[in-house]
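Overview (structure and organization)
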Amino acid sequence: TTTTTAEPTLEEKFECKPGQGAAATTYHETGDNSFESCAALCDADAECQGFDFTEAESTHPELFGSNPTMKKKDSCRLYKANKPRFDEKSHRTYCSKQGSEEEEPVEEEEEEAVEEAASMLETSSEASCEFECGAATAAKDGISFTIGSGKDITYTPSATTCLTKCSVVTGGMFGSSCADKGGEKVAKDGSSKLCCTSMTCPETTTTTTAE
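Okay, so let's go over this structure. (Residues numbered from 1 in each chain as written. Predicted model: local features only at pLDDT ≥ 70, side-chain atom pairs only at ≥ 80, totals over all residues. Heavy atoms only, no water.)

Describing the packing of aromatic side chains
Overall, the coordinates contain six aromatic pairs when judged by the stated rule. Residues Phe51 and Phe53 carry aromatic rings whose centres are separated by 6.1 Å and whose planes lie at 35° to one another, so their mutual orientation is tilted. With respect to burial, Phe51 and Phe53 carry one shared label: buried. These aromatic residues form a ring-pair network of at least three members: Phe14, Phe35, Phe51 and Phe53. In this structure, Lys17 is placed above the aromatic ring of Phe86, and the distance from its NZ or CZ to the ring centre is 4.7 Å. Over the face of the ring belonging to Tyr27 we find Lys80, whose NZ or CZ atom lies 5.4 Å from the ring centre. (Phe/Tyr/Trp six-rings, centres within 6.5 Å; stacked < 30°, edge-to-face > 60°. Buried < 20%, exposed > 50% of the residue type's maximum accessible area, 1.4 Å probe, protein only. Lys NZ or Arg CZ within 6 Å of the ring centre and 35° of its normal.)

Structural data, given as structure tokens:
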């Protein structure tokens, strides 16, 4: 008698809940905007520990690389081991591969402290920059923004500039203009705007030692 074991379905291979992967840790992005297509990519990749996806057509500027573009598709994003951020705000779904070595997830109430710590690290390495020079994405107050994206946004990320003194402004609230915050509107996600001041990136000094 020959016994055959049915191959687990993709739904059985992943555990999903509303949320997204850790900020700036994705290593592969595509335009696949369904669970099945994104899960198939992660399932076939031994390095992939989880993925997040949205059914919407999502893009962001990618100015550094072999094919610079203002509309890099990122509806599907693959991650290695990371700390997922589970919440309803991102309008994405994060799926962990069963048996993966995921780090402890970051719950919504912990996310602000994690982002503050990350911001402090970035600040120490990038002088007073709140986000790295030329950053295409930024997470602030639990919201992930695509820099340079959104209605009436004219700001474009540059490798020679960075953002500082950033704050999130929600439409309808008192002082909802970026000008009221003394900054520039650099991104918009729904009714939320990211207001920042742009500054020239600190120069890096390379020291060479003569032989």
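Brief notes about the state of the cysteines
Under the criterion given, the structure shown has six disulfides. Between the sulfur atoms of Cys129 and its disulfide partner Cys162 the distance amounts to 1.9 Å. Residues Cys129 and Cys162 are joined through a disulfide that is left-handed, its torsion about the S-S bond being -65°. Of the two residues, Cys129 is situated in the loop between α3 (108-125) and β10 (137-140) and Cys162 in strand β12 (residues 161-170); the sequence distance between them amounts to 33 residues. Each disulfide pairs two cysteine sulfurs, and for Cys166 the partner residue is Cys196, the sulfurs being separated by 2.1 Å. Residues Cys166 and Cys196 are joined through a disulfide that is right-handed, its torsion about the S-S bond being 120°. With Cys166 in strand β12 and Cys196 in strand β14 (residues 192-200), the pair connects residues that are 30 residues apart, well separated along the chain. (Disulfide = S-S within 2.5 Å. Helix = DSSP H or I, 4+ residues; strand = E, 2+ residues; numbered from the N terminus.)

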